[in-house]
Amino acid sequence: RDLTHDVSSSPGLVNLNTATAAELTRLPHIGRTRAEAIVTYRRKRRFKRVREIRRIRGIGRKTFRVLRPFLTLSGPTTLTPRAPKRRADGP
C-alpha cells in the first residue's frame, strides 16, 4: 500500500508552526479549543515533526491519520476554510 501523499491533489496544507488558531480550525476534527492548545504548545516549543501534534490532548492515532495529509512544517498555510454545515429546515 502506498502511503505517500500527493500534495498536488491536496485541497491545501496547514503549517503547524505558523498557522493562526483560525487557520487551524480549518482542519478536520480541530475546533477552537484544540486549535488554541496547538498554538499554546507551539509558543513553548516549535514543532520539529508533524507527528508531535499527537502531544495535544484529544489528538490520538486515529485523528492524526485524518490530519496528516493536511499538515506541514514549512511553507504557507493554503488550506481553504471548510464549507459551513447546512441545517435541515424543519420536518
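What you are looking at is a predicted structure, and each value in this text was computed from that prediction instead of being measured.

Participant: For this particular structure, what's the right way to read the side chain of T63?
Facilitator: Along the polypeptide, T63 turns up in helix α3 (residues 61-67). With relative accessibility at 15%, the residue T63 sits in the buried group. If sequence neighbours within four positions are ignored, T63 has contacts with H29 and G58.

Participant: Help me understand helix α2 (residues 32-44) in this model?
Facilitator: For α2, built from 13 residues, the straight-helix expectation of 18 Å at 1.5 Å per residue is met to within 8% by its first-to-last C-alpha distance of 19 Å. Residues of α2 that are buried include every one of A35, I38, V39, Y41 and R42, and no others. The buried residues of α2 occupy an angular sector of 160° when projected down its axis, which confines them to one face. Facing away from the buried surface of α2 by more than 90 degrees, the exposed residues are R32, T33, R43 and K44. The inward-facing, buried residues of α2 abut α1 (21-24).

What counts, and at which threshold
Residues numbered from 1 in each chain as written. Predicted model: local features only at pLDDT ≥ 70, side-chain atom pairs only at ≥ 80, totals over all residues. Heavy atoms only, no water. Helix = DSSP H or I, 4+ residues; strand = E, 2+ residues; numbered from the N terminus. Buried < 20%, exposed > 50% of the residue type's maximum accessible area, 1.4 Å probe, protein only. Contact = heavy atoms within 4.5 Å. Expected span 1.5 Å × (residues − 1). Arc of directions from axis to C-beta.

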